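# Reading the structure
These are the residues of each chain, in order.
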Amino acid sequence: EAITVQELANRMAEKGADLVKAMFKMGMMVTVNQTIDQDTAELLVTEFGHNIERVSESDIDLDTSYDVDADETLKTRPPVVTIMGHVDHGKTSLLDALRGTDVVRGEAGGITQHMGAYQIKTKGGDLVTFLDTPGHAAFTQMRMRGANVTDIVVLVVAADDGIMPQTVEAINHTKAAGVPMIVAINKIDKPEANAQKVRERLLEHEIVVEDMSGDVQDVEVSAKTGAGLDELIEKILLQAELLELKANPDRTADATVIEAKLDKGKGPLATVLVRRGTLKVGDIFVVGTESGRVRAMHDDKGRQIKEAPPALPVEVLGLGGVPMAGDMLSVVESEQRAREVALYRHEQATAKRTAMAPASLDTMFSALQDKQKVIEYPVVIKADVHGSMEAINQALHALSNDEIKVRVLSSGVGAITESDVTLAAASGAPIVGFNVRPNAKAREQVEKTKTPMLYYDIIYELTAEIAKQMAGIWGPER
Ligand code: GDP
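This one's a predicted model, so the numbers in the text were calculated from it and none came from an experiment.

Right, let's talk about the nonpolar core for a bit. By size, the foremost hydrophobic cluster in this structure holds 30 residues, and its most contacted members are V379, L396, I431 and I466. Secondary structure elements with two or more residues in this core: strand 20 (375-383), helix 12 (386-397), strand 21 (404-413), helix 13 (418-427), strand 22 (431-434), helix 14 (440-449), strand 23 (453-456) and helix 15 (459-474). Looking at which element gives the most residues to this core, the answer is strand 20, with six residues. For L396, the residues in contact, after removing those within four places along its chain, are V379, I381, V406, T463 and I466. L95, F130, V221 and L245 belong to the second largest nonpolar core, which has 25 residues in total.

Shown next as structure tokens:
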């Protein structure tokens, strides 16, 4: 059932404009009068931290995210943790070291396989799930698909290197997702390590750690020696307790696809993370637009699993096709229903692609015709030197008026990277390159996402072009 942004805002007792803004951040350009689909509505509801019940559920759609589980059915579930940070700061080493603390793996003699996520049992018997695809690209892509699986981000900063560009990116992505962060100051075993300097430099990014009387937990670790790992796990558990993470384990399962691939021998395989309910061998399900039946499940230690409770990552066999990371797996009661739902989702996806493709400047223009009051013109800026970047920033901000504002999603110095393109594409923003060009990987991404690129080497030509585009939106009469 479709609902307009304004209606949804009313039901949530929020301002319509705030919803529009939130959607903009998720890469959707709509006005308050536009109708949105259920998936999008649900995203907004969770984004604003509300619970709403779906009014009239279509018989066919089974997006169960709206039927909220009653409080008394909820049980504490393990936290899901993602590790982010600058390249070479030790994300992979830390993931390996944390995996090494798993008491179950110790017992089982542990042959481990990479499947996108793993779970450890701590000495105290608590469970913690780690997504083992480090980096913010995976995190942001999942989020763009509406799959917010991460409860806690561990930001790794090497104590000998300090805050680096990708550290800042990770901070921005984490903040945008509203996920709490724990700072792990790594490589503390190195003689040149300076943890205090890391804490001080974090202040510049509004991260105030406990040590500086803030409320972000921090811990000094060494992925190499294992120092501080227990403390890191304790802090994760403490944060999890504060978040009161709960799910109803006694119902049919909903799960999120973390990773999927086609195995030559086994066919399509997907690693899923159960969000609620318990996934069982024999369950019939829909995942994305594919259907299937759970033939077998394995955990990250290669053990056969018959039942997967919330937050346990499992590899599932028995899919009809290869789904995408971020797809939702939902258990249904019959194959007939699985087919119906798969078909319905397929139609929805097609309709959505045409109606709600990530906002491009074009869709933004038409959104404007819907009399939206203040519209933002999103842009990503990359320049060869700091001075030009600042000058462009200022010049573009000066173009803003009451009706249309330039919104700089990010600005930086250096070649245009894949991460710049992902960010721009998520918001349908053009990338402005001032005396810089995309690197090879970024070029591929530009092709794929059809991100508009504006290359300039004279600032006033650049501002003139953008002014023209903005004026084009409003027409000469304004
Ligand atoms: P990633 O790129 O963030 O995944 O970083 P890696 O885990 O690959 O680590 C990069 C390099 O730093 C590797 O050579 C690691 O051996 C080294 N390294 C990681 N953690 C530590 C640590 O705590 N102490 C020391 N001395 N070296 C580390």
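The rest of the description comes next.
On to the sheet that holds strand 6 (residues 127-131). Pairing in this open sheet of six strands is mixed, and the strands run 5-6-4-7-8-9 from one edge to the other. Only two strands of the sheet have a single partner each, and these edge strands are strand 5 (117-121) and strand 9 (217-220). Strand-to-strand twist in this sheet, taken as the mean axis angle between neighbours without regard to direction, amounts to 25°. Sheet strands touched by helix 9 (residues 229-243): strand 4 (80-85), strand 5, strand 6, strand 7 (152-158), strand 8 (181-186) and strand 9. Its angle to strand 9, the strand with the most contacts, is close to 170°.

In this section: the sheet that holds strand 22. Pairing within the open sheet is parallel, and its four strands lie in the order 21-20-22-23. The open sheet has two edge strands with one neighbour each: strand 21 and strand 23. Within this sheet the neighbouring strands show an average axis-to-axis angle of 25°, counted without direction. Alignment of strand 20 against strand 22, held across four bridges, turns out to be parallel. Within strand 22, the residue paired with A383 across the bridge is F434.

Another aspect to go through is the layout of surface pockets. Any empty space left between atoms is shown by rolling a water-sized probe over those atoms. For the second largest pocket, the calculated volume is near 1,200 Å³. As for the second largest pocket, its lining consists of 38 residues, and the residues nearest its centre are E169, N172, H173, S419 and L423. Among the secondary structure elements, those contributing two or more residues to the lining of the second largest pocket are helix 6 (136-144), helix 7 (165-177), strand 21 and helix 13. The element best represented in the lining of the second largest pocket is helix 7, accounting for eight residues. Among the residues forming the lining of the second largest pocket, the class breakdown is 10 nonpolar, 18 polar and 10 charged.

Next up on the list: the packing of helix 4 (residues 91-100) against helix 9. It is the contact of helix 4 with helix 9, at a shortest axis distance of 11 Å, that shows an interaxial angle of 85°. As the angle between them shows, helix 4 and helix 9 are arranged roughly perpendicular. Residues L94, A97 and L98 of helix 4 touch helix 9, and the partners they reach there are L229, L232 and I233. Its residues assigned to classes, the contact of helix 4 with helix 9 shows six nonpolar, no polar and no charged.

A few words on the pairing of strand 15 (residues 290-298). Pairing analysis gives four bridges linking strand 14 (residues 284-287) to strand 15, with the strands arranged antiparallel. Considered in strand 15, the bridge of I284 is made with R293. Hairpin remark: strand 14 followed by strand 15, antiparallel, with two residues in the connecting loop; positive phi at G288, about 60°. Bridging between strand 15 and strand 16 (residues 304-305) involves two bridges; their strand directions are antiparallel. Within strand 16, the residue paired with M297 across the bridge is I305.

Once that is clear, we can look at the site of the ligand. Lining the immediate environment of the ligand, one finds 15 residues, of which D88, K91, T92, S93 and D189 sit closest. At 2.5 Å from an oxygen atom of the ligand is found a side-chain nitrogen or oxygen belonging to S93. A per-element tally of the shell around the ligand places helix 4 first, with three residues. Broken down by class, the residue content of the shell around the ligand amounts to two nonpolar, seven polar and six charged.

With 15 residues, helix 9 extends 21 Å between its outermost C-alpha atoms, agreeing within 8% with the 21 Å of an ideal straight helix rising 1.5 Å per residue. If you check which residues of helix 9 are buried, you get L229, L232, I233, K235, I236, L237, Q239 and A240. The first or second residue beyond helix 9 is E244, which carries a positive phi of 50°.

Once that is clear, we can look at the confidence of the model for the chain. Scored by pLDDT, the chain has a mean of 83; 87% of the residues are at 70 or more. Low pLDDT, under 50, characterises residues 52-66; the stretch is placed with 38 contacts to residues that sit more than four places away or in other chains. Counted against residues more than four places away or in other chains, residues 352-372, with its pLDDT under 50, gives 40 contacts. Complex prediction metrics read pTM 0.66 and ipTM 0.99.

Scoring rules and cut-offs
Residues numbered from 1 in each chain as written. Predicted model: local features only at pLDDT ≥ 70, side-chain atom pairs only at ≥ 80, totals over all residues. Heavy atoms only, no water. Core = buried A, V, L, I, M, F, W, Y, C linked by side-chain atoms within 4.5 Å. Buried < 20%, exposed > 50% of the residue type's maximum accessible area, 1.4 Å probe, protein only. Helix = DSSP H or I, 4+ residues; strand = E, 2+ residues; numbered from the N terminus. Contact = heavy atoms within 4.5 Å. Pairing = 2+ DSSP bridges. Axes fitted to C-alpha atoms, helices over the stretch in contact; angles between N-to-C directions. 1 Å grid on protein atoms, 1.4 Å probe; cavity = no way out; pocket = protein on both sides within 12 Å on 5 of 7 lines; lining within 4 Å. Points joined across faces, edges and corners; volume = space filled by probe spheres on them. Nonpolar A, V, L, I, M, F, W, Y, C, P; charged D, E, K, R; others polar. Parallel < 35°, antiparallel > 145°, perpendicular 65-115°, else oblique. Near = heavy atom within 4 Å. Polar contact = N/O pair within 3.5 Å; in protein donor to acceptor, adjacent residues only side chain to side chain. Expected span 1.5 Å × (residues − 1). pLDDT = per-residue confidence, 0-100.

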